[in-house]
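Observations on the three-dimensional arrangement
These are the residues of each chain, in order.
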Amino acid sequence: MRRSLQLSLFALVLVGLVGGTLAFFLAQKSVALTVDGQTRDVGTYAGTVGEVLEEEGLTLAAHDVVLPATDHALSDGDAVVLNRARPLELTVDGVSREVHVTALSVEEALDQLGFRTDGLVLSASRAERLPLEGMQLTITTPKDVVLVADGQERVVTTAAATAGDLLAEQGIALSETDRTSLYLEQGLLNRMRLQVYRVQVSEVTETAPIAHGRVETANAEAFEGDDEVTQQGVDGEQATTYRVTVVDGQETSREQLSSTVTRAPVDEQVTVGTKARPANSPTADGLNWAALAACESGGRPDAVSSTGKYRGMYQFSQATWNGVGGTGDPAAASADEQTYRAQLLYNRSGAGQWPHCGPRLFG
């Protein structure tokens, strides 16, 4: 082969090698890659956004945001932005759910989620950064709550998370027996009503009388209607202990705990006459027996003379009394029986049986 031909072939090979190398270098691109706000320049031969991410070891998750789209063709000088999603276990006013944000801080997450109200109470600082694996975030929003306690009702604007938190915030202490209309752990919602019931439970002992009874004993020697109390009755007493519940000053219930008789009643003892009462003698009708009795004894059935010989309303001697059918002491007999016996005596012997007072019968 002639030397000129060899030089020509060598030149062709050299041109091919130089051209291929030049084409290789010309195919490389410079891309500004921003991941979670951090930007760096990346040299790549990737043809699409997805390929350059794969080259950089960045695997996309379901909620990640990438711009431009992964199938977008890359050109030299392009910018690729990847914001990786963070899971948030979000609790708002006691209601929990899982959300995903591409925010890098709590402040940015609140903005993405639309929580722009002042006065939010957060479980984390607004400046705290969100880790890629996510975090728990609790948000309590301001709300108006109707608070009723100790006789006052008012509307309170609060960011307290629970009923118990609100009471603590307002300086309202509860005793062991007090109750509330909401559970203390219950989350608050706007326009809720929280009422405090002041409950007092105490033991109260009350006394009440026990009525005494009446025991009657028949007395065949006394006329019907001539009852005599031989022993006065006395009421007893019973003490009863109750557990009393008072809510806001009003008694709502009482439970009997015990009952004890502290003093037993004493029955009244009564003798009851059973002897049929005699009818007054017709011949004595119209006589003034009350005047005679007033003269003889002052009208007292139990009168006794100073010598003890004459007894009763009409001052019978024992012999005279017995003579008209009387038994026992004349002064112990009823007024009716004494009058009846006096009428019998008058019918038998006339008014002369009462020498001084007898004329009073006709007055």
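Remember, it's a predicted structure, so these values are computed and weren't measured experimentally.

1. Side note on the nonpolar core
Trp289, Leu292, Tyr314, Phe316, Tyr346, Trp354 and Leu361 are the most contacted members of the largest nonpolar core, which has 17 residues in total. Taken together, the elements giving at least two residues each to this core come down to helix 5 (289–297) and helix 7 (335–349). The contact partners of tyrosine 346, leaving out residues within four places of it in the chain, are Leu287, Trp289, Ala351, Trp354, Leu361 and Phe362.

2. Thoughts on the pairing of strand 18 (residues 268–275)
Bridging between strand 14 (residues 214–223) and strand 18 involves seven bridges; their strand directions are parallel. The residue of strand 18 that forms the bridge with glutamate 216 is valine 270. Bridge analysis of strand 15 (residues 228–231) against strand 18 gives three bridges, and the strand direction is antiparallel. Paired with valine 229 across the strands is valine 270, a residue of strand 18.

3. Re the state of the cysteines
Here the structure, examined in full by the defined rule, presents one disulfide. In this model cysteine 295 forms its disulfide with cysteine 357; the gap between the sulfur atoms is 2.0 Å. On the sign convention where negative means left-handed, the S-S torsion of about -65 degrees between cysteine 295 and cysteine 357 marks this disulfide as left-handed. Of the two residues, cysteine 295 is situated in helix 5 and cysteine 357 in the segment after helix 7; the sequence distance between them amounts to 62 residues. Owing to a relative accessible area of 23%, cysteine 295 belongs among the partly exposed residues under this scheme. Note on cysteine 357: relative accessible area 3%, which makes it buried.

4. Overview of the domain arrangement of the protein chain
Each assigned domain of the protein chain is listed here: domain 1 (26–83), domain 2 (86–140), domain 3 (143–197), domain 4 (202–272) and domain 5 (282–361). Taking the mean C-alpha position of each, domain 3 and domain 5 sit 90 Å from one another.

What counts and what doesn't
Residues numbered from 1 in each chain as written. Predicted model: local features only at pLDDT ≥ 70, side-chain atom pairs only at ≥ 80, totals over all residues. Heavy atoms only, no water. Core = buried A, V, L, I, M, F, W, Y, C linked by side-chain atoms within 4.5 Å. Buried < 20%, exposed > 50% of the residue type's maximum accessible area, 1.4 Å probe, protein only. Helix = DSSP H or I, 4+ residues; strand = E, 2+ residues; numbered from the N terminus. Contact = heavy atoms within 4.5 Å. Pairing = 2+ DSSP bridges. Disulfide = S-S within 2.5 Å. Domains from an automatic or database assignment.

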